[in-house]
Amino acid sequence: MWPARYIPGIYLAVTKDSRQSAEERLLQESSLFNTHWYLLQNPDVAAAGMEPIHHYLHYGWHEGREPGPEFDTRYYLVQQPAVNMAPLLHYLLYGKAQGAIAKPHWCNTPWWWSITPTSAEPPSCTARLARLTAWPTVIIPVYNAALAVKKCLDSVQAFTHSGCRVLIINDASTDPAIIPLLKQYEAVPGFEVFTHAHNKGYTPTVNEGIALAGQADVILLNSDTCVSAGWVQRLRWAACSHPKVATVTPFSNNAGAFSAPAPGVNPLPQGTSLAECARAIAQASGRYLPQVPTGNGFCMYIRRACLDDIGCFDEQAFPRGYGEENDFCMRAGAQGWLHLIDDSTYIEHQRSASFGSNKEALLRAGGAVVNSRYPHYTHQVRQAFSAPILQQARNRVDAALTQCTNINSRILPRVLCVTTVNKMHLMQELSAKTETMVLSCNAQKMTLGHYAKGVYTQLAIHTLTQPLKSLSHQHEEYDAVIASWLMQWSIEFVYVQNTVTHHLRVLELAHLLGINGIFSHSAISDLRQFLLFTK
């Protein structure tokens, strides 16, 4: 909401004391506030007839407006996160004397810099780590559509964490290509194939998979989807964000209200791949985890604690599917469970390859049952999916996909190198195929930086409330910050080249989060070996 005397596009005569405040004089004397630039960038301010410095100090900084091209607010807040005044004013009064930098120095500004959020992980991260237990079981019901099934299983084989069981349940497919196709995956480590003698229907098949999973969390995955690197790790991290999370559903190119950047069908940009698009979306994500009243069974993570609490899907009311996950989620919601969208994960979905021409009839029948049981369902869905936070998440997807079509944007896997600043030249060999992040830490100050072509740019700082002890292996705050940075910055590989005890802890945390990594004394030889990871 705009202040009472300031309405964009409408000129208002603003009565102002002729005397400038000390703060306004300080900004006027600084070359970092550019009056002409501010008015060009903010035509609503010019139209309202407001004095630029006065507007910035009283309104503009609250709205995230920059004071000039030579000051980067995002970067300054990384260095000074506790600022409670106009960031440029804080820099002039305090930050500059403390050694803060007004603008980052890049060799080339990364494509993601203008859209990557600066927010730190909330204090609950320590509890979040404690909620990470066993890896989930992936359940893939199969009925016909052999070509789609093969694409799905190939992607699952390539990109699913080795700690997961993958249960493939053939519900008596009539397509003769299905049985020999599934035979090819029986020897894949972690894959288990089950075949029904008679067709049971989608919902009983899912319930069977949930029972076969034992006490593990489960991920329901349609057989007409394709996944990409890190999909399970991110869904699992989202599911552990709160003790009452019941389900997590990712974004998709084609999953109705769960689609992004727009509801409905979103073809991947021409000339791009799912791997590239999904990586860009993960790197650009604000990780807002919007809360919604229901998940979507095309790809839905379900916590075992919720299943134990409310039971499985209602296979009597929804034997063939369509509506069963909505009914489940509404039952869970009534017991205080939460349903989230993981806005950092993107799954490709063909949609309804198995149901074919029966889709519309099944959709109508399932919808009728859900609406009769939960009269407020439609209103709750409409309200949740029109929320500003969901639109913000979709906007980030749109920005990421746009960058995938930009020939100047290099969407590369991110590697975290744990080393000392004076050894960063050893990372040069990584720069052609990866985006290199560098973690360094003394007894109390942790820093995360970006390294490219000899230029180091600081991205995040954290000062520990209690310093690290040289022989101690456990430090809850340190662990929470490392886990937060690994997931927030979409790190795909960790390379440790420092023998300090707490740096070795980074590898343990990466392993817990499902991120691969190596430790090496001999940097160059192992770096060359490591580069095989990017092929």
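This text follows the structure it describes.
Conventions we followed
- Residues numbered from 1 in each chain as written.
- Predicted model: local features only at pLDDT ≥ 70, side-chain atom pairs only at ≥ 80, totals over all residues.
- Heavy atoms only, no water.
- Pairing = 2+ DSSP bridges.
- Helix = DSSP H or I, 4+ residues; strand = E, 2+ residues; numbered from the N terminus.
- Axes fitted to C-alpha atoms, helices over the stretch in contact; angles between N-to-C directions.
- Salt bridge = Lys/Arg side-chain N within 4 Å of Asp/Glu carboxyl O.
- Core = buried A, V, L, I, M, F, W, Y, C linked by side-chain atoms within 4.5 Å.
- Buried < 20%, exposed > 50% of the residue type's maximum accessible area, 1.4 Å probe, protein only.
- Contact = heavy atoms within 4.5 Å.

## Digging into the sheet that holds strand 14 (residues 491-496)
In spatial order, the strands read 13-12-11-10-14-15; together these six strands make up an open sheet with mixed pairing. In this open sheet, the two strands that pair with only one neighbour each are strand 13 (455-463) and strand 15 (516-519). On average, each strand axis in the sheet is inclined to that of its neighbour by 20 degrees, with strand direction left out of account. Examined bridge by bridge, strand 10 (residues 414-418) and strand 14 share five bridges and lie parallel to one another. The residue of strand 14 that forms the bridge with Leu 416 is Val 494.

## Structural notes on the pattern of salt bridges
Counted by the stated rule, this structure contains 14 salt bridges. Among the salt bridges present, the one from Arg 331 reaches Asp 327, with a minimum N-O distance of 3.2 Å. Residue Arg 331 and its partner Asp 327 are both found in helix 14 (residues 324-334); the two are separated by four residues, about one turn of the helix. The partner of Arg 505 in a salt bridge is Glu 508, with the nearest N and O atoms 2.6 Å apart.

## A short note on the nonpolar core
One finds Ile 140, Leu 221, Trp 231, Tyr 346, Leu 416, Leu 486 and Val 494 to be the most contacted residues of the largest nonpolar core, which totals 103 residues. The biggest single contributor to this core is helix 18 (residues 476-488), with eight residues. Counting 21 residues, the second-largest nonpolar core is a separate cluster that includes Val 45, Met 85, Leu 89 and Ala 102.

## Describing unusual backbone geometry
One can expect most non-glycine residues to show negative phi and most peptide bonds to be in trans. Following Ala 260, the chain continues into Pro 261 via a peptide bond in cis, with omega recorded as 10 degrees. Structurally, the position occupied by Pro 261 is in the loop between strand 6 (245-252) and helix 12 (274-284). In this model, Ala 172 sits at a positive phi of 55 degrees, which is unusual for a non-glycine residue. Mapped onto the elements, Ala 172 comes out in the loop between strand 2 (165-170) and helix 9 (178-183). The exposure class of Ala 172 is buried, given its relative accessible area of 17%. Even without being glycine, Tyr 322 reaches a positive phi, approximately 70 degrees. In this structure, Tyr 322 sits in the loop between helix 13 (304-310) and helix 14.

## Regarding the environment of Leu 512
As for its placement among the helices and strands, Leu 512 is situated in helix 19 (residues 501-513). Between the C-alpha atom of Leu 512 and that of Trp 135, which follows or precedes it by 377 residues, the distance is 9.8 Å. Filtering out sequence-adjacent residues up to four positions away, Leu 512 remains in contact with Leu 129, Leu 132, Trp 135 and Arg 236.

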